[in-house]
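Coordinate inspection notes
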Amino acid sequence: MTIPASALHDAAERFGTPLYVYDAAELDAALARVRAAFGTARVYYAMKANPNLTLLRRLHGAGVGFECVSPGELARAEAVGASGERILVNGPAKSETEYSAGGRLGATFIVDRAEEVALLPPHSRALVRVNPALAVSTHDHLATGAVGSKFGVTLAQAPRVLAALRDAGHTALGLHVHIGSAIRDAHDFTAAFGRLTELRAQTGPLAVLDAGGGWGLDADLGGIAREARAAASAFGAALWVEPGRYLVARAGTLLTRVVGTKRTGGTFCLVDAGMTELLRPMLYGALHPVTPLWDGGETGVWDIAGPACESGDLLARGVSLPQPRRGELLAIGEAGAYGAAMSSTYLTRSRPAEALYQAGGENGADWTLIRRRETPQDVWAAET
Ligand code: LLP
């Protein structure tokens, strides 16, 4: 994140807190890193990471497609003008709406179980998701390729599902694998792609290998890309990838203001954001870097606690900070992925505003509001 502290203060002043801010330069840089590593691979952004329409439009403009897992995500892809070629319809339990919308748009389906062959619209293009049955280096909730996970078909079933697709008049493009999210060790991908490659003798050449996403922010991207490209070429296939976190996480920061401090059995810096704005620390024990935007004062060690009436509502533990004062700003980093996207209206809290930073951007303004803060009326609007 390269947004100057003065600009962060301006944004908090203008749009209020809690506030998600995104650095356009870092978004572009992340996509450039992906393209440098993966060469000509087609990129389908997993929009679950951050579905803000402004970010989607930016990625669409750069030639990126979208991986969608709900009717709403498909509607977003359509709203930003993505064509069927640029849309993947994925999910372990797709609804009728997803089959019909995907069919209407001419999207590619990712088949997650054999029964889906009969549910696809006629003459669909499809990939078969394979579960390589591997333990991987991430939180249990984020692993999707382990034995017993609900995702994909087994290695043994995959060639039969490809054949069933062809028999049913669909275009069986190839195989798909996604072993989980925030994976730290690139060797996990080597192992997964290796297992898929063993199917080559049974499947014959394929048009597409979709290597999924899941790349941890500090994982060896070059290494993952090399292995993915090798696996695709073993099938004579074009490589597709589906990064979510990698494209948006580092561009995003959650700005929150200090509400006060409290020393009881613990030492708390109370802030105006919590589990409703950023659930990842509570849900996965995720560690997000915390940067105080003030100087001076004696340094102490603080737990950063939110406003919710739940003990688990902590954004970070044991953070070293200069003495917090009411009204000062904290920046919670690497929050662009699964931050705003997973924010909730629990406690009738309004979901936060989002702003995009682009120094001297359109109209010469550095900041663009890309989602206004919800009001309580927005939160209860659907209630009768
Ligand atoms: N492709 C498929 C089929 C996926 O299920 C996912 C993420 C992705 C691509 C993108 O994965 P990424 O590159 O972002 O790791 N809420 C969790 C993350 C859940 C990811 C679910 N699937 C979190 O906050 O870490």
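Thresholds, definitions, all that
- Note that residues are indexed from 1 along each chain, following the sequence as it is written.
- Per-residue local features are limited, in this predicted model, to residues with pLDDT of at least 70; the limit for side-chain atom pairs, both in listing and counting, is 80 or more; totals at the level of whole chains, interfaces and linings are taken over all residues.
- The side-chain figures draw on all heavy atoms in the structure; neither hydrogens nor water molecules are used.
- Only Phe, Tyr and Trp rings take part, Trp by its six-membered ring, and two of them pair if their centres are within 6.5 Å. Stacked means planes under 30 degrees apart, edge-to-face means over 60, and tilted covers everything else.
- The criterion is simple. A nonpolar core is a set of buried Ala, Val, Leu, Ile, Met, Phe, Trp, Tyr and Cys residues joined through side-chain atoms within 4.5 Å.
- Each residue gets one of three labels from its accessible area relative to the maximum for its type: buried under 20%, exposed over 50%, partly exposed in between, using a 1.4 Å probe on protein chains only.
- The contact rule is simple, with two residues in contact once any of their heavy atoms fall within 4.5 Å.
- Note: domain ranges come from an automatic or database domain assignment.
- When two parts are brought into contact, each loses some accessible area as probed by a 1.4 Å sphere; the total of that loss over both is the buried area.
- Salt bridge, as used here: a side-chain nitrogen of Lys or Arg that lies within 4 Å of a carboxyl oxygen of Asp or Glu.
- As used in this structure description, the phrase polar contact means that two N or O atoms lie within 3.5 Å; if the pair is within protein, one of them must be able to donate a hydrogen and the other to accept it, and residues adjacent in sequence are counted only when both atoms belong to side chains.
- Nearness is defined per residue: one heavy atom within 4 Å of the molecule or strand is enough.
- Note on areas: these come from Shrake-Rupley sampling with a 1.4 Å probe, and a residue is covered only by the protein chains present in the view.
- Classification used: nonpolar for Ala, Val, Leu, Ile, Met, Phe, Trp, Tyr, Cys and Pro, charged for Asp, Glu, Lys and Arg, polar for all others including Gly.
- Helix and strand assignments come from DSSP, with helices taken as H or I runs of at least 4 residues and strands as E runs of at least 2, each series counted from the N terminus.
- Strand pairing is defined by DSSP finding a minimum of two bridges between the two strands.
- Arc definition: it is the arc formed by the directions from the helix axis to the C-beta atoms.
- Cavities and pockets are found on a 1 Å grid laid over the protein atoms alone: a cavity is a set of points where a 1.4 Å probe fits but cannot escape, a pocket is an open set with protein on both sides within 12 Å along at least five of seven lines, and a lining residue has an atom within 4 Å of such a point.
- Grid points are joined across faces, edges and corners, and a volume is the space filled by probe spheres set on the points.
- A fitted line through C-alpha atoms represents every axis, and for helices the fit uses only the stretch in contact; the resulting angles, taken between N-to-C directions, go from 0 to 180 degrees.
- Between 65 and 115 degrees an angle is taken as roughly perpendicular, under 35 as roughly parallel, over 145 as roughly antiparallel, and anywhere else as oblique.
- Whether a crossing is left-handed or right-handed is set by the direction in which the near helix is turned from the far one by less than a right angle, anticlockwise for left-handed and clockwise for right-handed.

Inspection of the entire model under this criterion finds 7 aromatic pairs. Site record: aromatic cluster; members linked through ring pairs are F38, W215 and Y246.

A few words on the nonpolar core. Proteins that are soluble and globular tend to have nonpolar side chains buried together. F38, Y45, F66, L175, W215 and I304 are the most contacted members of the largest nonpolar core, which has 97 residues in total. Leave out the neighbours within four places in its chain, and W215 touches V34, F38, I183, F189, L221, I224, V241, P243 and Y246. Grouped together as the second largest cluster of nonpolar side chains are 16 residues, A7, F15, L329 and A331 included.

Turning our eyes to something else, we now look at the domain arrangement of the protein chain. When its domains are assigned, the protein chain resolves into domain 1 (5-21 + 251-379) and domain 2 (39-248). Each of domain 1 and domain 2 has a C-alpha centre, and the two are 33 Å apart. Across the contact, 15 residues belong to domain 1 and 15 residues belong to domain 2. Of the roughly 1300 Å² buried where domain 1 meets domain 2, counting both sides, 53% is carbon and sulfur surface. On the domain 1 side of the contact with domain 2, Y284, Y338 and I370 bury the most area, a combined 40% of that side's loss. Linking domain 1 with domain 2 are 0 salt bridges, by the criterion used here. Where domain 1 meets domain 2, there are 5 residue pairs in polar contact (both at pLDDT 80 or more).

With that settled, consider the site of the ligand. Around the ligand, 20 residues are found, and the nearest of them are S181, E242, R245, R280 and Y338. Here an oxygen atom of the ligand sits 2.8 Å away from a polar atom, N or O, in the main chain of G214. The separation between an oxygen atom of the ligand and a polar side-chain atom of Y338 is 2.6 Å. Here the ligand, which alone exposes 580 Å², has 91% of that area covered by the protein. Considered class by class, the residues forming the shell around the ligand number 7 nonpolar, 7 polar and 6 charged. Shared between two domains, the shell around the ligand holds at least three residues of each, these being domain 1 (5-21 + 251-379) and domain 2 (39-248).

With 5 of its 5 residues buried, strand β1 (residues 19-23) lies for the most part within the structure. Here 5 bridges tie β1 to strand β16 (residues 353-357), and the two strands are oriented parallel to one another. Its bridge partner being in β16, V21 is matched across the sheet by A355. Taken together, the 4 bridges between β1 and strand β10 (residues 252-263) define a ladder with antiparallel strand orientation.

Now for helix α4 (residues 71-79). Those residues of α4 lying buried are E73, L74 and A77. The buried residues of α4 occupy one face: seen down the axis, they fall within an arc of 100°. Check the buried side of α4 and you find it contacts β3 (65-68), β4 (87-89) and α5 (96-105). Directly beyond the C-terminal end of α4, a positive phi value near 90° is found at G81.

Glancing now at the layout of surface pockets. As a volume, the largest pocket reaches approximately 720 Å³. As for the largest pocket, its lining consists of 34 residues, of which K48, V69, H178, S181 and Y338 are closest to the centre. Counting only elements with at least two residues in the lining of the largest pocket, the list comes to α4, α10 (245-248) and α11 (280-284). Viewed by domain, the lining of the largest pocket spans two of them, domain 1 (5-21 + 251-379) and domain 2 (39-248), each represented by three or more residues. Looking at the second largest pocket, its volume works out to about 480 Å³. Looking at the second largest pocket, it is lined by 20 residues, and the ones nearest its centre are A182, R184, R280, A286 and L287.

For the rest of this paragraph, the subject is the packing of helix α2 (residues 24-38) against helix α3 (residues 53-61). Where α2 contacts α3, the axes come no closer than 12 Å and their chain directions differ by 40°. Comparing the axis directions of α2 and α3 gives the class oblique. The two elements α2 and α3 meet at a crossing, and its hand is right-handed. Contacts between α2 and α3 involve A24, L27, D28 and L31 on the former and, on the latter, L55, R58 and L59.

A word on the side chain of T276. Secondary-structure assignment places T276 in the loop between β11 (267-271) and α11. A polar contact of 2.9 Å, which involves the side chain of T276, links it to the side chain of R349. In this structure, T276 is in contact with S343, S344, Y346 and R349, ignoring residues within four places of it in sequence.

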